[in-house]
Amino acid sequence: VSWTPTATGRQAIMLRAENSAGSDEQRVGVWVAEAERQTLAIMSGRVALSAFNDGFVGASYDGRGGFGFDGASALFSGTLLVGASPNQVSGSLYASEFSPLAPIASGGDAALDGFEVVTDTRFSDARAPTPAGVDVSHRIYARDAISNAVVAEYIVINRSGAALAGLHVGLAMD
């Protein structure tokens, strides 16, 4: 099967198989992101953190990365959660509900004195089953190698075209 997507977002594809015994077909869904999923390992003194451009932080799916202190693993996976109601929550620890809007960029101006910007990226909740219609600007800051500190900053931007009264934002960690 070969396919070249012409648009981003949720795409439906009909697969059909046929042989001498008959045929069958099935519709499958595929998500096409604006940017490729990326990760970056951050080291700051005794702290290690993996960061992604799709809402995950500290994930360790390949047995490396995650979040660690002094070489000990302290986090399997973490992600941003954005909720507009009990029935509308974007973000999941074990499924990608945010879609990368840009590759991970390094460097830039730090908003925190004494810190440097290590990662700067953007993602949206368009991939969630019931998206709120937000984009997120995500930066991770680190101090020099002897300070043992990283700070994550999330700026949530309403792109829904409607007021999002009562929006809740948090982190889920495992």
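Everything here concerns the structure above.
Below is a summary of the structure that appears in this document. Residue indices begin from 1 for each chain and proceed along its sequence in written order. Where local features are concerned, this predicted model is filtered to residues with pLDDT of at least 70; where side-chain atom pairs are given and counted, the filter is 80 or more; whole-chain, interface and lining totals use all residues. To get the side-chain values, take all heavy atoms of the structure and skip hydrogens and water.

### Digging into the overall build of the protein
A helix here means a DSSP run of H or I that spans at least four residues, while a strand means a run of E at least two residues long, and both kinds are numbered starting from the N terminus. When helices and strands are tallied, the protein shows zero helices and 14 strands. For the protein, the N- to C-terminal ordering of α and β elements is β-β-β-β-β-β-β-β-β-β-β-β-β-β. Once the C-alpha set of the protein is aligned to its principal axes, its extents read approximately 70 × 40 × 30 Å. Scored against the burial criterion, the 174 residues of the protein give a buried share of 34%. With an accessible surface of roughly 9,900 Å², the protein has 52% of that area assigned to carbon and sulfur atoms. The buried label applies to any residue whose accessible area, calculated with a 1.4 Å probe on protein chains only, is under 20% of its type's maximum; exposed applies above 50%, and partly exposed to all values in between. Residue-level accessible areas treat just the shown protein chains as cover; the underlying method is Shrake-Rupley with a 1.4 Å probe.

### Some thoughts on the pairing of strand S4 (residues 47-52)
Taking burial as the measure, the six residues of S4 include five buried ones, the bulk of the element. Only when DSSP finds a minimum of two bridges between them are two strands counted as paired. Here strand S3 (residues 39-44) runs beside S4; their pairing, made up of six bridges, is antiparallel. Counted as the bridge partner of Ser44 is Val47 from S4. Taken together, S3 and the strand that follows it, S4, pair antiparallel across an intervening segment of two residues, in which Gly45 is found at a positive phi of about 65 degrees.

### A short note on the sheet that holds strand S12 (residues 134-142)
With antiparallel pairing, the four strands of this open sheet are ordered in space as S10-S11-S12-S13. Edge positions in the sheet fall to strand S10 (99-100) and strand S13 (150-158), since each has one partner strand and no second.

### Focus on the side chain of Ser137
Along the polypeptide, Ser137 turns up in strand S12. On the basis of relative accessibility, which here comes to 16%, the residue Ser137 falls in the buried class. Whether two residues are in contact is decided by their heavy atoms, any of which lying within 4.5 Å being enough. What Ser137 contacts, discounting residues up to four positions off in sequence, is Asp120, Thr121, Arg122, Glu153, Tyr154 and Ile155.

### What to know about the pattern of salt bridges
One side-chain nitrogen of Lys or Arg within 4 Å of one carboxyl oxygen of Asp or Glu is enough to make a salt bridge. Across all of its chains, the model carries six salt bridges by this definition. Between Asp120 and Arg139 there is a salt bridge, and its shortest N-O distance comes to 3.3 Å. Placement of the pair is Asp120 in strand S11 (residues 116-124) and Arg139 in strand S12, with a sequence separation of 19 residues. Overall, Arg139 belongs to the partly exposed group, its relative accessible area being 23%. Its salt-bridge partner being Asp135, residue Arg159 comes within 3.1 Å of it at the nearest N-O pair. With Arg159 in the loop between S13 and strand S14 (168-173) and Asp135 in strand S12, this pair connects stretches of sequence that are 24 residues apart. By relative accessible area, which is 14% here, Asp135 ends up buried. Within this structure, Arg16, Glu18 and Glu25 form a network of salt bridges that share partners.

### As for the environment of Ala110
The residue Ala110 is located in the loop between S10 and S11 in this model. Among the residues examined, Ala110 registers a relative accessible area of 33% and is labelled partly exposed. Filtering out sequence-adjacent residues up to four positions away, Ala110 remains in contact with Phe115, Glu116, Val117 and Tyr141.

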